[in-house]
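# Examination of the molecular architecture
Below are the chains, spelled out letter by letter.
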Amino acid sequence: MQKHTKMFWARRLMTLCILRQVSSWSHEPAHNDASQPARIAVIGGGIGGTATAYFLQQHFGDDLVLDLYEHHTVGGRLAVLDIAGHSYEVGGSVIHPGNRYMVEFAEKFGLPKKEHCSDSPFGLFDGEKYMFRGSSWSIVNIMKLFWRYGRTLLTLRSELKETLTKFDRIYHLQAEGQAFSSVSDLLHALDPSFVEMTRVSVRDWFKKLGIQDLVIDELVTAVTNCNYGQTADMHAFVGAIAVAGADPDLWAVTGGNKRVPEELLKHSRATLLRRKVEEIGLNEGGGFVVTSVEAETSENGETHSLNNNVDDTEKDLRPQNYDLVVVAAPLTKDKTSIKFVNFTKDFTFPGHYQKIFCTMVHGKLRPESVKLTEGDSIDEVLITNTSLFFNSLGKQSPTEVKCTEQYPDVWKIFSGSSLRGEHLNAFFKEIESFHEVEWLAYPHYELDQQLGDFELHPGLYHLNAIEWAGSAMEMSSIGAKNVALLALKHWLQDPSAGKMAVLRDEL
Ligand SMILES: Cc1cc2nc3c(=O)[nH]c(=O)nc-3n(C[C@H](O)[C@H](O)[C@H](O)COP(=O)(O)OP(=O)(O)OC[C@H]3O[C@@H](n4cnc5c(N)ncnc54)[C@H](O)[C@@H]3O)c2cc1C
């Protein structure tokens, strides 16, 4: 048996005393009857909603009755498709090594990283010619990049490193229990320049830092086009996320990234309600009423399309009371029809989401269609000309690949409109199968766009406000931790709550 020192027992006793204090706070009456467990609804079962449920469970412990509404598939914009007996990512596909929550989730749930079999060379293509062609030898790649873009690449690298270091402060602040009621407050706490970055284009931001036009027009534009379907006129904060996303050490989860939200949901012990929320109302006596209808499901329990607009077949409206509500889904008009009733102010959610088609083709590419020849090894073609009909074309490996195994030729093409018919025939000489997934994928970033609020009303939170700073799995996870902390502080009526709950986890 493990022996413990006196110091260990003293610390443990002290921690238990603090915990007793935490649980006595949680039994102090707040505006609700806090002697009862908190009844919380989370609306949305993507990475954001399931991470919220997980963090709420950590912070509230047993003093919680948690319902998670999902009218479609758990995972949301993290999704896989089966092609030729293998599964392939068709939504959020790569994770940055510095994304601490995603790394922690995968480690905690024992989800292995997908094997990285080859460093696929990439090319920057304007539709006519290659501005840059990489090599699968990383040293040769670096030399080629420096040959074309020069020392300005070092400036870009060090600026991104500094931005990431500042961004990392969020993990410390959240571990300390700090939470923010608006997106700009959160960004400001990391560094005041981050708010400024959301008001200037990534092009102008990088120019101000001395990055040459050639780098912006080619490298930066290709990356914003591939990752967000937008130009270097998008704001600099999300632009920096996109460029940071071009890291060579990106990773993904074996079997699909959607395994993370599935595990988060399981560990949160929330009740999954396969229902579509229609309305969130403010109750006269405090708290909220969430009204939902049953979701339309297929035989395997999932809804038919990968999009969010499921028609209601029958309106079995069911109202349910909650103390706290977290909306973990976008609220722009194009994404939802959730109504807010009885609130004294009108909520507005301006802006729209970028439509992206993800076309998966199992077949043989015509190399000449992207100005390559038969022996050329380029697995990733990124487009620098944003008026071209596609944004990127890349060879895919399955989510469960073993490097020693053979796997079919499957390609992923991102485009702003459907590629069915002539475009596909132009790209491929043989097509075994193709699948098209239409997404309203991420916000369309405008410079005059207001950054939204996490707290819509005391006790009512909107996680996806964070997407207007940047849309990524880690951003939703950070938003999830923030709204879970806001909910805890509100429930306990204690602005310092949250740090103590972290101590509880460490026991
Ligand atoms: C094609 C594509 C590629 C991407 N690539 C990357 C990448 O490589 N790396 C990365 O980090 N990110 C990537 N992203 C972005 C990333 O996937 C998203 O930022 C993230 O998944 C958003 O998660 P979320 O939980 O906040 O929202 P969502 O995943 O959209 O979840 C919201 C959920 O709410 C449900 N819902 C909505 N309304 C209701 C309602 N009324 N009632 C009940 N349920 C409702 C929806 O069905 C949905 O499941 C990509 C996205 C797309 C589309």
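In this report, we go over the structure that sits alongside the text.

Rules used throughout
Residues numbered from 1 in each chain as written. Predicted model: local features only at pLDDT ≥ 70, side-chain atom pairs only at ≥ 80, totals over all residues. Heavy atoms only, no water. Helix = DSSP H or I, 4+ residues; strand = E, 2+ residues; numbered from the N terminus. Buried < 20%, exposed > 50% of the residue type's maximum accessible area, 1.4 Å probe, protein only. Areas by Shrake-Rupley, 256 points an atom, 1.4 Å probe, with all protein chains shown as cover. Near = heavy atom within 4 Å. Polar contact = N/O pair within 3.5 Å; in protein donor to acceptor, adjacent residues only side chain to side chain. Nonpolar A, V, L, I, M, F, W, Y, C, P; charged D, E, K, R; others polar. Patch = residues over 30% accessible without salt bridge, like charges linked within 9 Å, V, L, I, M, F, W, Y side chains within 5 Å. Salt bridge = Lys/Arg side-chain N within 4 Å of Asp/Glu carboxyl O. Lys, Arg positive; Asp, Glu negative; His and termini not counted. Charge placed at Lys NZ, Arg CZ, Asp CG, Glu CD. Contact = heavy atoms within 4.5 Å. Pairing = 2+ DSSP bridges. Axes fitted to C-alpha atoms, helices over the stretch in contact; angles between N-to-C directions.

Helix and strand counts for the protein chain stand at 15 helices and 19 strands. Of all 507 residues assigned to the protein chain, the portion counted as buried reaches 52%. Accessible area for the protein chain stands at about 23,600 Å²; split by element, carbon and sulfur atoms hold 50% of it.

The ligand sits among 36 residues. The nearest are G48, E70, R77, V94 and S476. In this structure, N464 approaches the ligand through a side-chain N or O atom, which is 2.9 Å from an oxygen atom. The separation between an oxygen atom of the ligand and a polar side-chain atom of S471 is 2.9 Å. Starting from 1,000 Å² of accessible surface for the ligand in isolation, the protein chains cover 95%. Put simply, the parts of the chain that give the shell around the ligand at least two residues each are α2 (47–60), β8 (275–282), β17 (428–443) and α14 (473–492). Classifying every residue of the shell around the ligand gives 16 nonpolar, 16 polar and 4 charged.

On the surface, D82, E115, E400 and E405 cluster together into a patch of negative charge. Structurally, the position occupied by E115 is in the loop between α3 (100–108) and β5 (122–125).

Now for the environment of N425. Secondary-structure assignment places N425 in helix α13 (residues 422–427). Of the residues examined, N425 reaches a relative accessible area of 46% and is grouped as partly exposed. For N425, the contacting residues outside a window of four places in its chain are R366 and I431.

With that out of the way, let us pick up the environment of V202. Secondary-structure assignment places V202 in helix α9 (residues 202–208). Note: C-alpha distance between V202 and V243 (41 residues apart in sequence) is 10.0 Å. Apart from residues no more than four positions distant in its own chain, V202 is found in contact with V220, A232, M234, H235, A236, G239 and A240.

What follows covers the sheet that holds β8. Spatial strand order, β10-β9-β8-β12: 4 strands in an open sheet with mixed pairing. Whereas interior strands pair on both sides, the edge strands pair on one side only; in this sheet they are β10 (318–322) and β12 (339–341). Direction aside, the axes of adjacent strands within the sheet are offset by 25 degrees on average. Pairing geometry for β8 and strand β9 (residues 288–294), over 7 bridges, is antiparallel. From the neighbouring strand, K276 faces β9, where its bridge partner is V293.

What the 6 strands build is an open sheet, ordered β7-β2-β1-β11-β19-β18; its pairing is mixed. Only two strands of the sheet have a single neighbouring strand rather than two, namely β7 (271–273) and β18 (455–457). Taking each pair of neighbouring strands and ignoring which way they run, the sheet shows an average axis angle of 20 degrees. Bridge count for strand β1 (residues 38–43) against strand β2 (residues 64–69) is 6 bridges, and the pairing is parallel.

Geometric values such as these leave the question of function open.
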